[in-house]
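# Inside the fold
Here is what each chain is made of, one letter per residue.
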Amino acid sequence: DAGVTQSPTHLIKTRGQHVTLRCSPISGHKSVSWYQQVLGQGPQFIFQYYEKEERGRGNFPDRFSARQFPNYSSELNVNALLLGDSALYLCASSSKSDEQYFGPGTRLTVT
Amino acid sequence: GQQLNQSPQSMFIQEGEDVSMNCTSSSIFNTWLWYKQDPGEGPVLLIALYKAGELTSNGRLTAQFGITRKDSFLNISASIPSDVGIYFCAGQRTSGSRLTFGEGTQLTVNP
């Protein structure tokens, strides 16, 4: 079975631009979570969606938004990019259990 | 954002040695998970723990859920070069909720 997939793999943007990152969960998983991982740190929770509804939001500004589609795939949007938004963005999917499985991530560089 | 206290930050060991790392929190978690992350990739789930006092093994890896629910431990026996990577602990307060990560333990294994 395919694992969690994310696109694109890498992305370079300029300050002030916006970006959309995409995630497809493991087949049968209805929950998707997004995490931001800055170099040298552990992942930080951004959003969680279950059955297309937001179930949790981390301590991130309103420039960050997300949604989940009927097929359970998800998008993370970031507006007005700042240099500090440069990070690895990770998507994780889970079924009814507590185990979250991560995708390979999208490396975002803001210049 | 809040993170768990994970130690040690880094370890340099010889192939064949055993490794121990731990994670502590000031608050209770109902689930503990351990992940391994290789450079440029997403975290891979190693072990999940669901009950206080639980001891779970996965090959050469053994993890324990602390009795107080505020800590967890990971042991790797007879280390091999492919054990190199960053190990993260993660806690989950309620079923299916967000993960809170430690800062990671960088493991280097010398052949």
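Here, the structure is the one placed above.
Residues numbered from 1 in each chain as written. Chains lettered and ligands numbered in written order. Predicted model: local features only at pLDDT ≥ 70, side-chain atom pairs only at ≥ 80, totals over all residues. Heavy atoms only, no water.

### Section: the packing of aromatic side chains
Where we set the bar: Stacked, tilted and edge-to-face are the three classes assigned to paired rings of Phe, Tyr and Trp, where Trp is represented by its six-membered ring and a pair needs centres within 6.5 Å; plane angles under 30 degrees give stacked, over 60 edge-to-face, the rest tilted. Exposure is judged per residue with a 1.4 Å probe applied to protein chains only, and the accessible area is read against the type maximum: over 50% gives exposed, under 20% gives buried, and values in between give partly exposed. Here a helix means four or more residues in a row that DSSP labels H or I, a strand means two or more in a row labelled E, and each is numbered from the N terminus.
Tallied over the entire structure, the rule returns ten aromatic pairs over all chains. Ring geometry for Phe 29 of chain B versus Trp 32 of chain B: centroids 5.4 Å apart, planes at 70°, classification edge-to-face. With respect to class, Phe 29 of chain B is no different from Trp 32 of chain B; both count as buried. Taking the centre distance of 6.2 Å and the plane angle of 85° together, the rings of Phe 88 of chain B and Phe 101 of chain B count as edge-to-face. Taken together, the residues Phe 88 of chain B in strand β9 (residues 85-92) and Phe 101 of chain B in strand β10 (residues 100-101) connect sequence positions 13 residues apart. Exposure class is identical for Phe 88 of chain B and Phe 101 of chain B. Each is buried. Put simply, the rings of Tyr 35, Phe 45 and Phe 102 of chain A together with Tyr 35, Phe 88 and Phe 101 of chain B pair up and form one aromatic cluster.

### Some points on the state of the cysteines
Filter applied, for reference: What counts as a disulfide here is a pair of cysteine sulfur atoms lying within 2.5 Å.
Tallying each qualifying case throughout the model produces two disulfides over all chains. A sulfur-sulfur distance of 1.8 Å marks the disulfide that ties Cys 23 of chain A to Cys 91 of chain A. With the S-S dihedral at roughly -60°, the linkage between Cys 23 of chain A and Cys 91 of chain A falls on the left-handed side. With Cys 23 of chain A in strand β3 (residues 19-24) and Cys 91 of chain A in strand β9 (residues 87-94), this residue pair connects regions lying 68 residues apart in the sequence. Across the pair, Cys 91 of chain A and Cys 23 of chain A agree in class, each one buried. Between Cys 23 of chain B and Cys 89 of chain B runs a disulfide, and the two sulfur atoms are separated by 1.8 Å. Placement of Cys 23 of chain B in strand β3 (residues 19-24) and of Cys 89 of chain B in strand β9 is noted, with a sequence separation of 66 residues between them.

### A few points about the interface of chain B and chain A
Just so we agree on the cut-off: Between two residues, a contact is recorded if the distance between any of their heavy atoms is within 4.5 Å. In short, buried area is how much 1.4 Å probe accessible area vanishes from two parts on joining, totalled over both. For this document, the term salt bridge refers to a Lys or Arg side-chain nitrogen within 4 Å of an Asp or Glu carboxyl oxygen. Polar contact criterion, stated in full: a pair of N or O atoms within 3.5 Å, where within protein one must be able to donate a hydrogen and the other to accept it, and residues adjacent in sequence count only if both atoms are side-chain atoms. Note on residue classes: Ala, Val, Leu, Ile, Met, Phe, Trp, Tyr, Cys and Pro are nonpolar, Asp, Glu, Lys and Arg are charged, and everything else, Gly too, is polar.
Facing 24 residues of chain B, the contacting portion of chain A comprises 22 residues. With both chains or domains summed, chain B and chain A bury close to 1,700 Å², and 48% of this area falls on carbon and sulfur atoms. Linking chain B to chain A there are zero salt bridges. Counting the contacts that link chain B with chain A gives seven residue pairs in polar contact (both at pLDDT 80 or more). When residues of the side of chain B that touches chain A are traced back to their parent elements, those giving at least two are β4 (31-37), β5 (44-49) and β9 of chain B. Of the residues belonging to the side of chain B that touches chain A, the class tally is nine nonpolar, twelve polar and three charged.

### Comments concerning the side chain of Asp 85 of chain A
Residue and element names in this part refer to chain A. Along the polypeptide, Asp 85 turns up in the loop between β8 (74-78) and β9. What makes Asp 85 buried here is its relative accessible area of 4%. For Asp 85, the residues in contact, after removing those within four places along its chain, are Gln 36, Arg 63, Phe 64, Val 78, Ala 80, Leu 108 and Val 110.

### Regarding the sheet that holds β8 of chain A
Residues and elements named next belong to chain A. Defined as follows: Strands qualify as paired when DSSP identifies two bridges or more between them. In this analysis, axes come from line fits to C-alpha atoms, helices being fitted only over the stretch in contact, and the angle between any two N-to-C directions falls in the range 0 to 180 degrees.
One open sheet accounts for four strands, arranged β1-β3-β8-β7; its pairing is antiparallel. What marks the edges here is a single partner per strand, and that holds for β1 (5-7) and β7 (64-68). Ignoring strand direction, the axes of neighbouring strands in this sheet form an average angle of 15°. The pairing of β1 with β3 spans three bridges and is antiparallel. Paired with Ser 7 across the strands is Arg 22, a residue of β3.

### Here we look at the environment of Phe 65 of chain B
Residue and element names in this part refer to chain B. With respect to the secondary-structure elements, Phe 65 resides in strand β7 (residues 61-65). Using a relative accessible area of 1% as the deciding quantity, one classes Phe 65 as buried. Phe 65 sits 33 residues away from Trp 32 along the chain, and the two C-alpha atoms are 6.8 Å apart. Setting aside anything within four residues of it in sequence, one finds Phe 65 in contact with Phe 29, Asn 30, Thr 31, Trp 32, Leu 49, Tyr 50, Lys 51, Ala 52, Gly 53, Glu 54 and Asp 71.

### Remarks on the sheet that holds strand β1 (residues 5-7) of chain B
Residue and element names in this part refer to chain B. Strand order in the open sheet made by the five strands is β1-β3-β8-β7-β6, with antiparallel pairing throughout. Unpaired on one side and paired on the other, β1 and β6 (55-58) mark the two borders of the sheet. Each neighbouring strand pair of the sheet contributes to a mean axis angle of 15°, computed without reference to strand direction. Two strands pair when backbone bridges link them, and β6 and β7 are joined in this way by four bridges, in the antiparallel orientation. In the sheet register, Thr 56 faces β7, and the bridge partner there is Ala 63.

None of the figures reported here should be taken as evidence of function without further support.
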